[in-house]
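# Analysis of the macromolecular model
Single-letter residue listing:
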Amino acid sequence: MPFAIELKSITKRFGSFVANEGVNLAVERGRIHAIIGENGAGKTTLMNVLFGLLQPDEGEIWIDGEKKILPNPAAAIAAGIGMVHQHFKLVPSLTVAENVFLGMEIRKGGLIDHKAQIERTASLSKQFGLQVDPSERVGLLSVGIEQRIEILKVLVRGARTIILDEPTAVLTPQESRELFQTLRGFVAQGMTVLFISHHLEEVMEVSDTVTVLRHGKEVATRPTAELTKSDLVQMMVGRFVSFDRRPRPPTSGKTVLEVEDLWCRDERRVQALRGVSFKVRAGEIVGIAGVAGNGQTELAEVLSGLRPSSHGAIRLQGRPITGLSARAIRAAGIAHVPGDRLVRGVDRNASIALNMLMGRQDQKPWSRSGIIDHRYLTEQTTALIKRFDIRARGPESPVKSLSGGNIQKVVLAREFSGDAGFLLIDQPTRGVDIGAQEAIHGEIMRQREAGKAILLISVQLDELSALADRILVMFNGTVMGELPGDRVDEEEIGMLMAGVRPGSGASARGAA
Amino acid sequence: MEVLERLFNVALVVATLRTTAPILLVALGGSFTTKAGIFNIGLEGQMLVGAFFAVIGTIFTGSPWIGVLCGVAAALVLAFVFALLVVTFKANEVVVGLALNILAGGMTVSLLKAIFGTRGSIFGHGLVGLPVLRLPNARDLGWFGQMISGYTPLVYVAFILVPVLILFYNRSRLGLYIRVVGEKPEAAEALGISIARIRYVSSLLCGLLAGLAGAHLSLGYTTMFTENMSSGRGFMAVAILIFSNGDPLKILLGCLLFGFSDALSLRLQTFGISSYLVLAVPYLVALIALFALSYRARPRIIQETLASMGRALSVKPNAATDAEKAVTRG
C-alpha cells in the first residue's frame, strides 16, 4: 500500500539558513503521526511545504503514491490535505455553518442556501464526533469549539490527511483529551493525522508513529510504542541529556517569601490557583514544574502584582504584600523576569539603556529631582552589557535588533542588578539557543550564591533539575507534590504533572 | 387638539418619506463601505458631485435620466479616487474623505461660476426634473394611496433598496464576503478572498448610491442645484452608519427619524414659531437620537463594569468558603 504522504529528501533554505535539510517523511494511511522537535527544528517549515505554503528547494512530495507539485494551499487541498493552523481564522458574527462553508458556499439560484449548509455541517459534526451547534454565532464560543470548527472547515473541503500545528497549545487539558479522541476517530475512519508538537506527553499518548526533527534534519522515525520519553528527549536535543546538576553549597537562609493558601481566577473566570502554599528561603532556588497552563503563569502574575488574588496571603520578608500594585511590589523587593519577555519584559522599540532604566527611573542615582542622569545610565548599561555578555552594538541599540537570547539577557541584567531579595523567574530560557541557555543558568546560580531567594518557573524539566534545590509540581492550580532537586525521578514527576499522586511505595522511597 | 391634527396627518408622513429618501440612499451606499471596514466620511462630497453633474447632464441633454447617469458617473469617479487612495495607497480614510469633500464643494462652485457665470444656485436653463410616479389605482386606497403614490422614482428606489440590501448581506456571496472583509480580514485572506478587490467593489457600490442620492436631491427632491446643497446629509448618514453598524434595517430607522424631524421642522414653520428654533429641530432630534442610540452600547459597558467589579469582589465567594471552613472547624 502506498504511503498517504511521502516526502523525499526535502530541503528548504531561507537565505543562508537551512530550515529543512534532506528530510524524509513517510506517513502510513490510517495512522496518527507526530512530528516532534525543539523550537526552530523545522517542523512548521516542513508542514508548510506539505501544505503548499512554501516551495521546497529540493525534494519531492508524493501523495497516495503519486508525485505532486503543490504551488499553493488550493493545490494541497485538492490533493486531500487539510491544515489546522495554530491561530484560528473565524468570523465572529457569522454562524458555525457559515464559517465552515466560507469560500465554498452552497448556493441555490444564486443565493446562499443556509439550510443546506446547516444540515451538512450537522451531519459532518455527527459523523466525526465534533460537537457543534451549526446555527450558533462563532463569537460566543470557546477556543476548543473554535478549533472544532477549523477542523470541520478542513473536513468539508474533503481532506483525507489532516495536519495540526501545535493543536493543544491553546486548549485546556480537558479540551486536549477530547481532541485526541476525535483524532483517533478520524484514524478509525481511515484518515491520516499529522500533528506537530513539542509536548512529549502528548506525543507519547496519542501518536502511533513519531518523527523527530533536529536542526532541520530528520533524526528518526519510529513507532511510538518502542520509545520512552527520555529516548525522545535524547533524539530531540541530540545528546544524552544528563540533567547535569549545577554544583552548589548547601544553604539554609531565612524565609524570604511565604505564600499561603493562594487562590485566583484567570480571564475566563475559571479558578487558576486553588490554594497554593510554599516558602522560598534566601540562597534557595525553588522550581515550579508542570504542564503549561496549570496555573504557573497566574502564580507569577499574582506574585508580581499583575493579577489580583481572590484569597490567600503573600508575605515578603515577613511583610504582607497581597493586593499591592506591581510597582509597590517591586519596591518591596521582588524582581520579575516575565514569561513573555516581548510583552512584559522589554519595550522592543526602546534602546537597551532605556530598558535598563525601566522601573527605577525615579530612583537615585538613576535620576535626580525628576531628571534622568543619562551619563550614569550609559555607564551602567555599558557595564551590564559587558557583565551579561549581551551581544549588541552599544547601549543605544534598540532591543528589537537583538536575538531572543540577548533580549532575555537584557531583562535578566535589569532584574538581577537591582537589590531585590526575591527573584521571580518565569521561563528564563524559552526560545533561547543552547549557548545563551547555559549563560543564563550560570547567572541564576550566581544570584543564588549571592543569597537571593529564587522562584524558578519552567516547563523544561532538565532546566529545573539542573538548577532547583526543591521542585514543586503544579497541576490544575494546586501543588501536587514536592521533589528534591538533586533526585528527580522522571517517572514520579511525570505522574505528578499528570495529576496522579504516586503510590505509597514511591513516596516511601522518596522519603527514605 | 386641532393644532395636533393639523400637524400630524398624512401630509406629514408624505413629507417624512420625501425628506428621508435622499439621506436613506446615501446612507445605504455608506453601508457597503461600513460593512467592508472602511470609515467613509466622503459621502457628502460624492452626493454633492452627483447632484451637480445630474443637473449639468440634464441641461446639456434635456433628459433627466441621462442627468441621473451623469451624476452617478461623477460620484463613481470620486469613489474610485477614494478607493485608490485608501485601499491601494493605504492613506488615512478620514483625511482622504475630508479632502474629497472639500474638493467636491470647491469644484462644484467653481464649475458653476465657469459654466453659468453665477454663484449660488441654478435653475431654469431648460432644467427638467424626474417625473412624478403616480401608482395606478392608488386613488382607490384612500389615505394609504396618498401615502405611497406621487413620488419621484428615486424615492421608491431608496425604500426598495432596504430589503434588497438585507437579502444581499445575508444571502449573496458578495454580501457575505464584504462582511467578512470588514470583520475579519485575515479570515478572508486565508480563504483566498482579495481584500483589496472587495473594498474597491464596496467603495464603488457606495459611490453608485451616493450619486443616485445626489441626483435625487437636484432632480427629484428639487429641480435645481444650489451651492453645498447636500447640506450635511452625508455627515448625517455617517452618523447613522456608526450607530447602525451598516445594517440596512437600522439605517432605515435612523433615516426615518432624521426625515421625520426635518419634515416636522418644515411644518412647524407654518405655525409661526421662530424659524431659528424650528431650524434647530432636526439637529436637536439628531442629538437626542444619537444619545438614545449610543445607549445601546450599554450592555457592553455594563458588562465591563460588572467584570471589573467582579474582579474586585471576587474575594467574596472564597471568603465565604473560608468562613464556612472556620465554622466547620469550630
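Residues numbered from 1 in each chain as written. Chains lettered and ligands numbered in written order. Predicted model: local features only at pLDDT ≥ 70, side-chain atom pairs only at ≥ 80, totals over all residues. Heavy atoms only, no water.

Keep this limit in mind: UniProt positions are given in the numbering used here, feature names are shortened, and annotations may be inferred rather than shown by experiment.
Chain B is annotated in an unreviewed UniProt entry as Simple sugar transport system permease protein from Kaistia dalseonensis. Under Subcellular location (unreviewed entry), UniProt gives the following word-for-word description of chain B: "Cell membrane".

An unreviewed UniProt entry lists chain A under the name Simple sugar transport system ATP-binding protein, with Kaistia dalseonensis given as the organism. Its UniProt record, at the heading Sequence similarities (unreviewed entry), says of chain A: "Belongs to the ABC transporter superfamily."

## As for the overall build of chain B
The condition is simple: Think of it this way: any DSSP run of H or I at least four residues long counts as a helix, any run of E at least two long counts as a strand, and we number them from the N terminus. Relative accessibility decides the category of a residue: with a 1.4 Å probe and only protein chains considered, values under 20% of the type maximum give buried, values over 50% give exposed, and everything between is partly exposed. In this analysis, two residues are considered to be in contact whenever any of their non-hydrogen atoms come within 4.5 Å of each other.
Regarding its fold elements, chain B presents 15 helices and 2 strands. Among the 330 residues that make up chain B, the fraction classed as buried is 45%. The long-range fraction of contacts in chain B, counting pairs at least 24 apart against all pairs at least 6 apart in sequence, stands at 75%.

## Considerations on the sheet that holds strand E22 (residues 453–457) of chain A
All names here are of chain A. Rules: In short, DSSP must find at least two bridges between two strands for them to pair. To define axes, lines are fitted to C-alpha atoms, for helices over the stretch in contact only, and angles between the resulting N-to-C directions are given on a 0 to 180 degree scale.
Read across the open sheet, the 6 strands follow the order E18-E21-E22-E15-E23-E24; overall the sheet is mixed. Each having just a single partner strand, strand E18 (334–337) and strand E24 (478–484) make up the two edges of the open sheet. Recorded for the sheet is a direction-independent mean angle of 20° between the axes of neighbouring strands. Running over the sheet, helix H14 (residues 404–416) touches E18 and strand E21 (422–426) and is turned about 180° from E18. Along the sheet, helix H17 (residues 490–497) contacts strand E15 (285–289), strand E23 (470–475) and E24; its crossing angle with E23, the most-contacted strand, is approximately 35°.

## A closer look at helix H4 (residues 114–127) of chain A
Residues and elements named next belong to chain A. Counted only if it meets this: One less than the residue count of a helix, multiplied by 1.5 Å, gives the span that helix is expected to have.
Taking 1.5 Å per residue, 14 residues should reach 20 Å; H4 reaches 20 Å between its end C-alpha atoms and fits that length. Contacts from the buried residues of H4 go to helix H3 (96–101), strand E8 (111–112) and helix H5 (143–156). Just beyond H4, the residue with positive phi is Gly129, at close to 65°.

## Re the UniProt feature "transmembrane region" (unreviewed entry) in chain B
All names here are of chain B. The feature "transmembrane region" (unreviewed entry), as given by UniProt, occupies residues 6–29, 41–60, 66–87, 94–116, 150–169, 200–222, 234–261 and 273–293 in the numbering adopted here. Secondary structure within residues 41–60 divides into 90% helix and 0% strand; the distance between the first and last C-alpha atoms comes to 31 Å. Taken end to end, residues 200–222 is 96% helix and 0% strand, and its first and last C-alpha atoms sit 31 Å apart.

## Quick look at the sheet that holds strand E16 (residues 311–316) of chain A
Either a parallel or an antiparallel arrangement is found when strands of a sheet pair, and the pairing is made through backbone hydrogen bonds. All names here are of chain A. Pairing is antiparallel in the open sheet, where 4 strands are placed in the order E14-E13-E16-E17. With one partner strand each, in any of the chains shown, strand E14 (271–281) and strand E17 (319–320) form the two edges of the open sheet. Of the strand pairs in this sheet, strand E13 (residues 255–265) and E16 are connected by 5 bridges, and their pairing is antiparallel. Across the sheet, the residue bridging to Val259 is Ile314, located in E16. The sheet contacts of helix H9 (residues 296–303) involve E13, E14 and E16, and relative to E14 the element is tilted by about 65°.

## Focus: the pattern of salt bridges
All names here are of chain A. Worth spelling out the cut-off: Salt bridges are defined as contacts in which a side-chain nitrogen from Lys or Arg sits within 4 Å of a carboxyl oxygen from Asp or Glu.
In total, this model carries 29 salt bridges over all chains according to the counting rule given. A salt bridge links Asp113 to Lys108; its shortest N-O distance comes to 3.8 Å. Here Asp113 falls in the buried class, since its relative accessible area comes to 13%. Here Glu178 makes a salt bridge to Arg148, at a shortest N to O gap of 2.7 Å. Remark: Arg148 occurs in helix H5 and Glu178 occurs in helix H6 (residues 173–188); sequence separation between them is 30 residues. Judged by its relative accessible area of 18%, Arg148 falls in the buried class. Residues joined in a network through salt bridges with shared partners are Arg281, Glu284, Arg470 and Glu482.

## A short note on the interface of chain A and chain B
The condition is simple: Defined here as a combined quantity, buried area equals the accessible surface (1.4 Å probe) lost by two parts on assembly, summed across both. Two N or O atoms form a polar contact when they lie within 3.5 Å of each other; inside protein one atom must be a possible hydrogen donor and the other a possible acceptor, and for residues adjacent in sequence the pair counts only when both atoms belong to side chains. Note that Gly is not counted as nonpolar here; it falls among the polar residues with everything else outside the nonpolar set of Ala, Val, Leu, Ile, Met, Phe, Trp, Tyr, Cys and Pro and the charged set of Asp, Glu, Lys and Arg.
Listed by partner, the interface residues are 25 residues for chain A and 23 residues for chain B. Of the roughly 2200 Å² buried between chain A and chain B on both sides combined, carbon and sulfur atoms contribute 56%. Between the two partners, chain A and chain B, sit 1 salt bridge. Arg173 of chain B is the partner of Glu105 of chain A in a salt bridge, and the nearest nitrogen-oxygen pair spans 3.1 Å. Across the contact surface, chain A and chain B share 5 residue pairs in polar contact (both at pLDDT 80 or more). At the level of secondary structure, the elements contributing two or more residues to the side of chain A that touches chain B comprise E8 and E13 of chain A. Counting residues per element, the side of chain A that touches chain B draws most heavily on E13 of chain A, at 3 residues. Partitioned by chemical class, the residues of the side of chain A that touches chain B number 9 nonpolar, 7 polar and 9 charged.

## Digging into the side chain of Asn355 of chain A
Residues and elements named next belong to chain A. You can see Asn355 is positioned in helix H12 (residues 352–357). On the basis of relative accessible area, Asn355 is assigned to the buried category, the value being 0%. Among the polar contacts listed, one links the side chain of Asn355 to the backbone oxygen of Ala350, at a separation of 3.5 Å.

## Brief notes about the environment of Leu161 of chain B
For Leu161 of chain B, the position within the fold is in helix H7 (residues 153–171). In sequence terms Leu161 of chain B and Leu24 of chain B are 137 residues apart; their C-alpha atoms lie 9.3 Å from each other.

## Looking at the environment of Thr45 of chain A
Residue and element names in this part refer to chain A. Along the chain, the position of Thr45 falls in helix H1 (residues 43–50). Judged by relative accessible area, Thr45 falls into the buried class, the value being 13%. Each C-alpha atom, one on Thr45 and one on Ala19, is 6.8 Å from the other, the two residues being 26 residues apart in sequence. Contact partners of Thr45, with chain neighbours within four places excluded, come to Lys12, Phe14, Ala19, Asn20 and Leu54.

## Some words on the packing of helix H2 (residues 10–35) of chain B against helix H12 (residues 248–269) of chain B
How two helices sit against one another is set out by the angle between their axes and by the gap between those axes. Residues and elements named next belong to chain B. Convention followed: We call two directions roughly parallel when the angle between them is under 35 degrees, roughly antiparallel when it is over 145, roughly perpendicular when it lies between 65 and 115, and oblique otherwise. Left-handed describes a crossing in which the near helix is turned anticlockwise from the far one by less than a right angle; the clockwise case is right-handed.
Packing of H2 against H12 leaves a shortest axis separation of 7 Å and a crossing angle of 140°. As judged from the angle between their axes, H2 and H12 are oblique. Between H2 and H12 the crossing geometry is right-handed. Taken together, the residues of the contact of H2 with H12 break down into 18 nonpolar, 5 polar and 2 charged.

## Details of the pairing of strand E9 (residues 161–165) of chain A
Residue and element names in this part refer to chain A. Burial within E9 is extensive, with 5 of its 5 residues counted as buried. Along E9, one buried face is formed by Thr161, Ile163 and Asp165 and the opposite face, lined by Ile162 and Leu164, is buried too. Relative to E9, strand E6 (residues 81–84) runs parallel, the two being bridged by 4 bridges. Looking at E9, one finds that Met83 is bridged to Ile163. Sheet topology places E9 next to strand E10 (residues 192–197); 5 bridges connect them, and they run parallel. Paired with Leu164 across the bridge in E10 is Phe195.

## Some remarks on the environment of Ala187 of chain B
Relative to the helices and strands, Ala187 of chain B resides in helix H9 (residues 185–190). Ala187 of chain B has contacts with Lys89 and Val91 of chain A together with Val180 of chain B, leaving out every residue within four places of it along the chain.

## Quick look at the packing of H4 of chain A against H5 of chain A
All names here are of chain A. It is at 11 Å that the axes of H4 and H5 come closest, and there the two elements cross at 105°. If you check the angle between H4 and H5, you find them roughly perpendicular. Contact residues: H4 offers Arg120, Thr121, Leu124 and Ser125, while H5 offers Leu152, Leu155 and Val156. Grouping the constituent residues of the contact of H4 with H5 by class yields 4 nonpolar, 2 polar and 1 charged.

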